[in-house]
Amino acid sequence: MNETIAPEFRPLVDAVEAHLLGKRHAISLTLAAFFAGGHVLLEDIPGVGKTTLAKTFANVMGLDFGRVQFTGDLLPSDILGVSYFDQESGKFVLKKGPIFTQFLLADEINRSMPKTQSALLEAMEEHHVTIDGKSHDLKEPFFVIATQNPHEEVGTFALPHSQLDRFLCSFGIGYPDKEAERAVLLGGGSRAAAAVPLMDAAAINTAMEAVRTVHLSPALIEYLQSLIAYTRDSGRFVYGLSTRGALALAAMTRAWAHLHGRDYAVPDDVQAVLGEVCLHRLAFKEGVTTLNRIRHELFSHVPADA
Amino acid sequence: MAKRLRAWRENRELFLLDLAYLAVVTPVLLLVKAPMLLFLLLVLVLLLARKRGSAATLLLVALAGLFAIFFSIYGAFNFAGLSRLKLFVELILYLLLLAVSLQRLTRTINFYLLVSPVLILALSLFFFDSIAMLVYVVFEVFVLLWLILAYRTRADALSSLRVTGMLFALSLPWVVLLFFFFPRISFEHASYGFRGDEITRTGHDGTMRMDGAALLVPSERIVMEVGFQNAMPPDGQLYFRGSVLYRDKKDHWEPLPAYVRRAFAPKQRAQEGMYRSADDVTAYKVSLYPTHKKWLYLLDLPLEAPEGATINADFETTLEKPVDEPQHYDAGSALVYRYGDRTERTVLAYARDVNRSANPRSAKAADTIAAANPDPKQRLNALLHFFRDQNLTYSLRPEPLDLNHTADSFLFDKHKGYCVHFAGSFVTLSRLAGLPARVVTGYKADRKNSVKNYLAVKERDAHAWAEVYLGDHWQRVETTAAAAFIDSESAELLRQTGTLEDNGERLTRLNLYLLYVKYQVETWVLQYSHFRQMRLLENVKQHPALAAKLAAAFALIVLASAALFLWLRRPRCKDRLLCLLRPLLSRLQRSGFAREEGETLHRLFTRYLDLYPGSALTEVDRLYHRLQYGTAKEDAVQFKKAIRAFLRESTAKGDSDARKL
């Protein structure tokens, strides 16, 4: 049983952490989501390092980085790209939008119109876009980190539940602890040397393949199903986890296990990712839905190893 | 075959129903007559052949069934006494079996098919009244309840079995309470006895045969069981009186002629003053197995006849009809007694009657003794001395005596015989010496066959002794005690059946204890009647200690049932590895590492390991997760070893902690 990050991935986390002090868990989650082939929704107030996380992560992983700042007047074509008539060649030429990248930071996604949001989300799901009736495959791997500001409500369009479901997991970064903040104030973090790529396409492919083959034992499946059943049957939530949610939980669990150097998953893996997988998928019927509340509710009602 | 079996099991409802019928019809098979058995066999064959119950088949089966019923009860139309009820119940049972068979052949379930197992169970209760059946009925009720639960809840067999067990546990105190306050309806002769108990007991019959050619094998079969109300009387007083014989018919002895007996029957009953005081009356309860003779056996000397029986002048206790069913009777006897001061002349004449010419040598000896001892008591003693001096040998296989001169032949020629020869010869000798005497046959019980106040009387306890009239009372004489030797062959025979030496003593003891338990159950459960209930309540009123004991026993039952219920309800160990971990987890809990809400085992172990790094728990943690969640096919042996290692370690740690304190 190993609960520290496997030696092969430790440099990655260390490298990102050099720029985002004291946020190992958020970094690990991002890495896990990436290996699981999903996308991340960062929900937090501005100025806690969402962009830093995305940028550094893209650098470390050796991915092309693209960024779209979502605004109220952003159109789908601003993300996807347009075909225009090239008078020189006399043909329609595709001007690719920022989505044709490996790593896309979709900043403040809730500021744009639903039409634009759904264009991005469709691309995230399908891994290809359709412009003027022609289908264009996106680069592989394709990874999106979308951020949204939970507290600003004026002029925002909240993502509908069906769209939120497309993100593998969602979490905030949160304020740094005292120690880390002190280091930041003293000029650690951002002053660190620019991150250098530590992974290449082949290494990423290997890792993703390994994640897919992580073993889920019958006992673990039982635990997962009990958790999922509880979200559906307990009557505490407005709606339970969907099958896509269940798949997301399994995928994140696998990725987390692999990240910690195991080829099999244990209940601790499930517990490590459960809150983040469920936060944007579940809503309590009464009271505020928070990460800790979801964790407490599920862990205390669905015992592990029992 | 296997395929059919599977197909049968797949039709779950019919399968469960068939199991129910299997449970309830099994005891009935002992009961039904051959034609009905054949009919049931036919139905079984048809079912196995998977014949659809077409109209023609059903008609034929119905006809066969009716014939079977007819032949089963043919000749049983004896409407005397109880057999009417028995016949009626039997008929209902047969009709029910026929109806059920027909319905079962159609392969559809309907209401009466569902209800009939319970009816058959209830009907079979009319026929059986024994411990075996008691146990089986409890088993049947359990099985039926289980099948009903499995049928109605559609739960798997094991979980419905658990629920059945829980229901049983809960019902236990109620059963005891209801049983205590609502005894069995006791109607006369309601007990039929288990069929095994109906085998005739031999041992004592009304006459006494002298021809020793018949091989006498000491039989261990129980004739009757006796429960004494108070302490067990001493060995010398356990004479159960059967019949009294006066007339020497050479090859056998006979009682008084019927007309003589009738003439004196009412006159000579046990009287006050015959025994010392009322305290000397020993009360006891007898269960007598069917002997097909009319005698009831009461301890010498019976004072009160059980209901329906009469005691005659010779203190023989008899029923009007032979004992064909087990008899249970309460009796009282005076074990220290003296009677006979008003014995009729006619009876004494029979007790004096002797043919002097048949046994000339005995007559000569008797004359000599009679001349030397004018006092009857002294004369009896002299006779006994003389008898003893003849070096008589007790033998179970004696050479046949010359039956024309029985006493002479036994005393002076053969010297070998068993109790009847001793008793018969001594009575002849007494009569020759002028003392009226008679032979008494019955059972001389052996205290070896007793536990506490329970006594088993076996066939080999059948015995004969003599009674001599000493002018004012009858004196019992244990004639066999005069035997000087026991021959080796008989000793061997007796030893084989565990009478003489302690060879097989323990086994005999165990068997006796089993008999004792069986007897107690029969007395307090099977024959617990309104009468017994009244007596028990009366006792409780008089002895508060008994009430306390009963209350304590009931509390114990409640506790036991609660414990059983909780045990069945305990969380089931679904997972083998978690089962193995149980002792470890409870040890952790005792040392302050209880599992918190929602905590995984790994986090629990980590908490412990943070405090005690290097503990054997590291290995347990690793192996548990590898076995439970990993792909590795490691066997659990290592895991068990690791758990044991940790338990040893923590025990040692606990010791050292204790020392530090």
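Scroll up a little and you will see the structure.
Residues numbered from 1 in each chain as written. Chains lettered and ligands numbered in written order. Predicted model: local features only at pLDDT ≥ 70, side-chain atom pairs only at ≥ 80, totals over all residues. Heavy atoms only, no water.

Draft legend 1. Structural detail: the interface of chain A and chain B. Across the boundary between the two partners, chain A contributes 19 residues, which contact 18 residues of chain B. Here chain A and chain B share an interface that buries about 1,600 Å² over both sides, 54% of which is from carbon and sulfur atoms. Counting across the interface, chain A meets chain B through zero salt bridges. Applying the counting rule to chain A against chain B returns nine residue pairs in polar contact (both at pLDDT 80 or more). For the side of chain A that touches chain B, the elements supplying multiple residues, two or more each, are helix 9 (218-233), helix 11 (267-278) and helix 12 (291-301) of chain A. (Contact = heavy atoms within 4.5 Å. Buried area = accessible area lost by both parts, 1.4 Å probe. Salt bridge = Lys/Arg side-chain N within 4 Å of Asp/Glu carboxyl O. Polar contact = N/O pair within 3.5 Å; in protein donor to acceptor, adjacent residues only side chain to side chain. Helix = DSSP H or I, 4+ residues; strand = E, 2+ residues; numbered from the N terminus.)

Draft legend 2. Layout of the nonpolar core. Within the largest apolar cluster, 99 residues are counted, with the highest numbers of intra-cluster contacts made by A:Phe35, A:Met61, B:Leu581, B:Leu584 and B:Leu588. The dominant element in this core, judged by the number of residues it contributes, is helix 10 (residues 243-259) of chain A, at nine residues. Other than its neighbours up to four places away in sequence, A:Met61 contacts A:Leu12, A:Leu31, A:Phe34, A:Phe35, A:Met199 and A:Ile204. (Core = buried A, V, L, I, M, F, W, Y, C linked by side-chain atoms within 4.5 Å. Buried < 20%, exposed > 50% of the residue type's maximum accessible area, 1.4 Å probe, protein only.)

Draft legend 3. Region of interest: the sheet that holds strand 4 (residues 247-248) of chain B. Residue and element names in this part refer to chain B. Strand order in the open sheet formed by three strands is 1-5-4, and the pairing between neighbours is antiparallel. Because the sheet does not close on itself, it has two edges, and the strands there are strand 1 (208-209) and strand 4. The pairing of strand 4 with strand 5 (residues 252-254) spans two bridges and is antiparallel. Looking at strand 5, one finds that Arg247 is bridged to Glu254. Here helix 14 (residues 419-432) sits on the sheet in contact with strand 1, strand 4 and strand 5, set at roughly 65° to strand 5. (Pairing = 2+ DSSP bridges. Axes fitted to C-alpha atoms, helices over the stretch in contact; angles between N-to-C directions.)

Draft legend 4. Representation of the sheet that holds strand 15 (residues 437-444) of chain B in the model. If you trace the five strands from one edge of the open sheet to the other, you get 8-3-15-18-19 (chain B), paired in antiparallel fashion. Only two strands of the sheet have a single partner each, and these edge strands are strand 8 (298-299) and strand 19 (474-477) of chain B.

Draft legend 5. Fine view of the packing of helix 1 (residues 2-10) of chain B against helix 2 (residues 12-29) of chain B. All names here are of chain B. Between helix 1 and helix 2, whose axes approach to 5 Å, the crossing angle comes to 95°. The angle between helix 1 and helix 2 places the two elements in the roughly perpendicular class. Each of Trp8, Arg9 and Glu10 in helix 1 lies in contact with helix 2, whose residues at this interface are Arg12, Phe15 and Asp18. Along the lines of polarity and charge, the residues of the contact of helix 1 with helix 2 split into two nonpolar, no polar and four charged. (Parallel < 35°, antiparallel > 145°, perpendicular 65-115°, else oblique. Nonpolar A, V, L, I, M, F, W, Y, C, P; charged D, E, K, R; others polar.)

Draft legend 6. Broad picture of unusual backbone geometry. In the segment running from A:Glu140 into A:Pro141, the intervening peptide bond is cis, with an omega of -10°. Its place among the elements puts A:Pro141 in the loop between strand 7 (134-137) and strand 8 (143-148). Cis peptide bonds are those with omega within 30 degrees of zero, and the linkage from B:Asp300 to B:Leu301 qualifies with 5°. One can find B:Leu301 in the loop between strand 8 and strand 9 (302-304). For A:His127, which is not a glycine, the phi torsion comes out positive at approximately 65°. Here A:His127 falls in the buried class, since its relative accessible area comes to 19%. The backbone of A:Asp132 shows a phi angle near 55°, a positive value even though the residue is not glycine. A relative accessible area of 62% means that A:Asp132 is categorised as exposed.

Draft legend 7. Molecular detail of helix 11 of chain A. Residue and element names in this part refer to chain A. Here helix 11 contains 12 residues, and its C-alpha end-to-end distance of 16 Å stays within 8% of the 16 Å for a straight helix at 1.5 Å per residue. Of all 12 residues in helix 11, 12 are buried, a share of seventy percent or more. Listed in full, the buried residues belonging to helix 11 are Pro267, Asp268, Asp269, Val270, Gln271, Ala272, Val273, Leu274, Gly275, Glu276, Val277 and Cys278. (Expected span 1.5 Å × (residues − 1).)

Draft legend 8. How the structure looks around helix 17 (residues 530-542) of chain B. Residue and element names in this part refer to chain B. Taking 1.5 Å of rise per residue, 13 residues should cover 18 Å, and helix 17 covers 18 Å from first to last C-alpha, within 8% of that figure. Listing the buried residues of helix 17 in full gives Arg532, Gln533 and Leu536. Considered in projection along helix 17, the buried side chains sweep an arc of 100° and stay on one side of the axis. Helix 17 presents Lys541 and Gln542 as exposed residues on the side facing more than 90 degrees away from its buried surface. (Arc of directions from axis to C-beta.)

Draft legend 9. Representation of the environment of B:Phe531. Within the fold, B:Phe531 resides in helix 17. On a C-alpha basis, the gap between B:Phe531 and B:Pro183 in space is 8.9 Å, while along the polypeptide they are 348 residues apart.

Draft legend 10. How the structure looks around the side chain of A:Thr116. Residues and elements named next belong to chain A. With respect to the helices and strands, the residue Thr116 is situated in helix 5 (residues 114-126). Overall, the relative accessible area of 0% leaves Thr116 in the buried class. Thr116 has contacts with Phe70, Leu74, Leu75, Pro76 and Ile79, leaving out every residue within four places of it along the chain.

Draft legend 11. Geometry of a nonpolar patch on the surface. All names here are of chain B. A surface patch of nonpolar side chains, about 1,000 Å² in accessible area, is lined by Leu59, Leu60, Leu63, Leu66, Phe67, Phe70, Phe71, Tyr74 and Leu95. Broken down by element, the nonpolar patch gets its largest block of residues, seven residues, from helix 4 (residues 55-73). With respect to the helices, strands and loops of the structure, Leu60 is situated in helix 4. We classify Leu60 as exposed; its relative accessible area is 60%. (Patch = residues over 30% accessible without salt bridge, like charges linked within 9 Å, V, L, I, M, F, W, Y side chains within 5 Å. Areas by Shrake-Rupley, 256 points an atom, 1.4 Å probe, with all protein chains shown as cover.)

Draft legend 12. Structural detail: the pairing of strand 3 (residues 239-245) of chain B. Residues and elements named next belong to chain B. Extensive coverage of strand 3 is indicated by the burial of seven of its seven residues. Sheet topology note: the strand 3/strand 8 ladder contains two bridges and is antiparallel. Each bridged residue has a counterpart across the sheet, and for Phe240 the counterpart in strand 8 is Leu299.

Draft legend 13. Geometry of a positive patch on the surface. Residue and element names in this part refer to chain B. Judged by side-chain charge, Arg576, Lys640, Lys641, Arg644 and Arg648 come together as a positively charged surface patch. Residue contributions to the positive patch peak at four residues, all from helix 22 (residues 636-660). For Arg644, the location among the structural elements is in helix 22. (Lys, Arg positive; Asp, Glu negative; His and termini not counted. Charge placed at Lys NZ, Arg CZ, Asp CG, Glu CD.)

Draft legend 14. Focus on the packing of aromatic side chains. All names here are of chain B. What the rule picks out here adds up to 30 aromatic pairs over all chains. Pairing Tyr297 with Tyr443 gives two aromatic rings, centres 5.1 Å apart and planes at 85°, and the pair type is edge-to-face. Linking Tyr297 in the loop between strand 7 (295-296) and strand 8 with Tyr443 in strand 15, this pair joins segments that are 146 residues apart in sequence. Using a relative accessible area of 0% as the deciding quantity, one classes Tyr297 as buried. Each ring, one from Tyr469 and one from Trp474, has its centre 4.9 Å from the other, and the planes form 55°; the classification is tilted. Judged by relative accessible area, which is 5%, Tyr469 ranks as buried. (Phe/Tyr/Trp six-rings, centres within 6.5 Å; stacked < 30°, edge-to-face > 60°.)

Draft legend 15. The pairing of strand 12 (residues 327-334) of chain B, seen in detail. Residue and element names in this part refer to chain B. Burial of strand 12 is extensive: six of the eight residues sit out of reach of the surface. Direction of pairing for strand 6 (residues 281-288) relative to strand 12: antiparallel, over a ladder of eight bridges. Bridge pairing in strand 12 places Val286 opposite Tyr329. Pairing geometry for strand 9 and strand 12, over two bridges, is antiparallel. Among the inter-strand pairings, Glu304 is bridged to a residue of strand 12, identified as Gly332.

Draft legend 16. Main features of the pattern of salt bridges. Evaluation of the coordinates by the stated rule reveals 26 salt bridges over all chains. The salt bridge partner of A:Arg244 is A:Glu125, with a shortest N-O separation of 3.2 Å. Of the two residues, A:Arg244 sits in helix 10 while A:Glu125 sits in helix 5, which places them 119 residues apart along the sequence. The exposure class of A:Arg244 is partly exposed, given its relative accessible area of 33%. Judged by relative accessible area, which is 37%, A:Glu125 ranks as partly exposed. Shared partners join several salt bridges into a network, and the residues in it are B:Arg241, B:Asp300, B:Arg438, B:Glu467 and B:Arg476.

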